[in-house]
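In case you want the letters, here they are:
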Amino acid sequence: MTVLVTGGAGFIGSNFIFYMLKAHPDYRIVCYDALTYAGNLSTLSSVLDNPRFRFVKGDICDREAVYKLFEEEKFDYVVHFAAESHVDRSIEDPGIFVKTNVLGTQVLLDAAVKYGVKRFHHVSTDEVYGDLPLDRPDMFFVETLPLKASSPYSASKASSDLLVMAYCRTFGLDATLSRCSNNYGPYQFPEKMIPLMIANATADKPLPVYGEGINVRDWLYVEDHCKAIDLILHNGRPGEVYNIGGHNEMRNIDIVKLILKELGKPESLITFVKDRKGHDMRYAIDPTKIHNEIGWLPETKFADGIKETIRWYLNNRDWWEEIVNGEYKNYYQKMYGNR
Ligand code: NAD
Ligand code: DAU
């Protein structure tokens, strides 16, 4: 089997490639990635020489390049991660989110229909459901909820979800779709909350908590997400949406305090800053469908996963220090300088 992984030089895509090369010793993986600010070829250094792996640099919006690759490789499966993924950036510049996440997805769908694949799996997000109130712990995201995106990022992901389902119905494409909650783990770009807080704490820099820090996210260790996608790819029903998450709701402020405690740093580093525009209050996944139909459940407890993640960032300082000392400095100044 040959699997196309788009966006495999990013956080979840790279973890998925490592997972698949191990889990399926007879599979070949082709990673197609534009290496935007969020993509990092060094992340894939351990597999670049693997004969079952090929890296191709390219943009999913480049129809000619995408078609050429599909023609060459005759993919069995497509797992589509490539996206602009950071909510704060989508508030600054929505256009690139529509281009990559909507139009780029359309190019891949067209290629999958034209050249034929056994399955196209689209990696989406729980953010397409909007948010849940903090005072209704009985409410969860289920697959049948209407889409109600809050940010340009989530609106672009919701649009891509609709396109995937439309290609299923209209062109008979065999597609599945997953909507996952917040991931954490190795190789996450330091603009996202957990690695940002780890990086700042280790440098004794202020930890910028938006608003009051009471927003809730349902955190999942990245490897658990990768396992879920592998299971859906092989055992999911065509045309179906599967929520992925793990009943692991935590407030931002509690995570930040936990990181400081693990690193032996004082809580005085916490700085409350201006809230994110349109900030979603709470995400919480009901994973009943994927559990009942496919047998998936999260395996990594947050207490273990966060320790492992902190250990990884401490042991792999070269990986993220190169990022935070580069163009990221300008980003950080722009986003947090006067906040
Ligand atoms: P990321 O930002 O770390 O990585 C995105 C990757 O896509 C990068 O390698 C980048 O170079 C590549 N890319 C961007 N634009 C491209 C283009 N035009 N052509 C080709 N490649 C391009 O993102 P991530 O956190 O790994 O998220 C991966 C996917 O999972 C996204 O679709 C995201 O919406 C979804 N998701 C993320 C989370 C999360 O918590 N991070 C949760 C649920 C779903
Ligand atoms: O739910 C899945 C989504 O999770 C994915 O689709 C997105 O790609 C991914 O980025 C993530 O979105 P969030 O907006 O929830 O993640 P982020 O790490 O940006 O923020 C997590 C929470 O922390 C959120 O409530 C905002 C807050 N935050 C974030 C940053 C970067 C802070 O308080 N301070 C910060 O500096």
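Scroll up to find the structure.
Fair warning: this is a prediction, and the values are worked out from it, not measured in the lab. (Residues numbered from 1 in each chain as written. Chains lettered and ligands numbered in written order. Predicted model: local features only at pLDDT ≥ 70, side-chain atom pairs only at ≥ 80, totals over all residues. Heavy atoms only, no water.)

1. So, the site of ligand 1
Part 1 of the argument: Ligand 1 sits among 28 residues. The nearest are Ile 12, Asp 33, Ser 85, Tyr 153 and Lys 157.
Part 2 of the argument: One nitrogen or oxygen atom from the main chain of Phe 11 is found 3.0 Å from an oxygen atom belonging to ligand 1.
Part 3 of the argument: At a separation of 2.9 Å, an oxygen atom of ligand 1 approaches a polar backbone atom of Asn 183.
Part 4 of the argument: Mapped onto the shell around ligand 1, the elements with two or more residues apiece are helix 1 (11–23), strand 5 (119–125) and helix 5 (152–171).
Part 5 of the argument: A total of three residues in the shell around ligand 1 trace back to one element, the largest contributor, which is strand 5.
Part 6 of the argument: Here the shell around ligand 1 is built from residues that sort into 13 nonpolar, 12 polar and three charged. (Near = heavy atom within 4 Å. Polar contact = N/O pair within 3.5 Å; in protein donor to acceptor, adjacent residues only side chain to side chain. Helix = DSSP H or I, 4+ residues; strand = E, 2+ residues; numbered from the N terminus. Nonpolar A, V, L, I, M, F, W, Y, C, P; charged D, E, K, R; others polar.)

2. Thoughts on the site of ligand 2
Part 1 of the argument: Taken together, 26 residues form the shell around ligand 2, and within it Thr 125, Asp 126, Tyr 153, Arg 276 and His 279 come nearest.
Part 2 of the argument: Pro 208 is positioned such that a nitrogen or oxygen atom in its backbone is 2.8 Å from a nitrogen atom of ligand 2.
Part 3 of the argument: Residue His 279 places a side-chain N or O atom 2.7 Å away from an oxygen atom belonging to ligand 2.
Part 4 of the argument: Expressed as a share of its isolated accessible area of 690 Å², the protein-covered part of ligand 2 is 95%.
Part 5 of the argument: Of all the elements in the fold, those that place two or more residues in the shell around ligand 2 are helix 3 (87–92), helix 6 (193–202) and strand 8 (207–210).
Part 6 of the argument: A class-by-class count of the residues in the shell around ligand 2 yields 11 nonpolar, eight polar and seven charged. (Areas by Shrake-Rupley, 256 points an atom, 1.4 Å probe, with all protein chains shown as cover.)

3. Some details on the side chain of Asp 286
Part 1 of the argument: Position of Asp 286 among the secondary structure elements: in the loop between strand 13 (270–273) and helix 9 (288–294).
Part 2 of the argument: It turns out Asp 286 is buried and unbridged, and the closest side chain with the opposite charge, Arg 282, is 10 Å from it.
Part 3 of the argument: Those residues in contact with Asp 286 that sit more than four places away from it in its chain are Phe 140, Phe 141, Val 142, Glu 143 and Asn 243. (Buried < 20%, exposed > 50% of the residue type's maximum accessible area, 1.4 Å probe, protein only. Lys, Arg positive; Asp, Glu negative; His and termini not counted. Salt bridge = Lys/Arg side-chain N within 4 Å of Asp/Glu carboxyl O. Contact = heavy atoms within 4.5 Å.)

4. A short note on the packing of aromatic side chains
Part 1 of the argument: Under the defined criterion, the tally for this structure stands at 23 aromatic pairs.
Part 2 of the argument: Taking the centre distance of 6.3 Å and the plane angle of 80° together, the rings of Phe 97 and Tyr 153 count as edge-to-face. A residue pair is termed long-range when its members are at least 10 positions apart, and Phe 97 in helix 4 (residues 95–115) and Tyr 153 in helix 5 qualify at 56 residues. For the pair Phe 97 and Tyr 153, a shared accessibility class is recorded, and that class is buried.
Part 3 of the argument: For the pair Trp 312 and Tyr 313, a centre-to-centre distance of 4.9 Å together with 80° between the ring planes defines the contact as edge-to-face.
Part 4 of the argument: You can call Trp 312 buried: its relative accessible area is 12%.
Part 5 of the argument: In this structure an aromatic cluster arises from ring pairing among Tyr 37, Phe 189, Tyr 210, Tyr 328, Tyr 331, Tyr 332 and Tyr 336.
Part 6 of the argument: Positioned over the ring face of Tyr 242 is Lys 289, at 4.9 Å from the centre of the ring. (Phe/Tyr/Trp six-rings, centres within 6.5 Å; stacked < 30°, edge-to-face > 60°. Lys NZ or Arg CZ within 6 Å of the ring centre and 35° of its normal.)

5. Some remarks on the pattern of salt bridges
Part 1 of the argument: Scanning all chains against the criterion turns up 22 salt bridges.
Part 2 of the argument: Arg 54 is the salt-bridge partner of Glu 72, the closest N and O atoms lying 2.9 Å from each other. Pair noted here: Glu 72 is in helix 2 (residues 63–73) and Arg 54 is in strand 3 (residues 53–57), with a separation of 18 residues, a long-range link.
Part 3 of the argument: For Glu 72, a relative accessible area of 43% corresponds to the partly exposed category.
Part 4 of the argument: In this structure, Glu 72 and Lys 68 form a salt bridge, with 3.7 Å as the shortest nitrogen-oxygen distance. Note that Glu 72 and Lys 68 are positioned in helix 2 at a spacing of four residues, about one turn of the helix.
Part 5 of the argument: Beyond isolated ion pairs, a larger network of salt bridges with shared partners links Arg 28, Arg 54, Lys 68, Glu 72 and Glu 73.

6. Some details on the pairing of strand 1 (residues 2–6)
Looking along a regular strand, one sees the side chains alternate between the two faces of the sheet.
Part 1 of the argument: The buried fraction of strand 1 amounts to five of the five residues, a majority that puts the element mostly inside the structure.
Part 2 of the argument: The alternating pattern of strand 1 places Thr 2, Leu 4 and Thr 6 and Val 3 and Val 5 on opposite faces, both of which are buried.
Part 3 of the argument: The pairing of strand 1 with strand 2 (residues 28–33) spans five bridges and is classified as parallel. Its bridge partner lying in strand 2, Val 5 is registered against Cys 31.
Part 4 of the argument: Read from strand 1 through helix 1 to strand 2, the crossover connection turns out right-handed. (Pairing = 2+ DSSP bridges. Right-handed = clockwise from strand over helix to strand, strands pointing away.)

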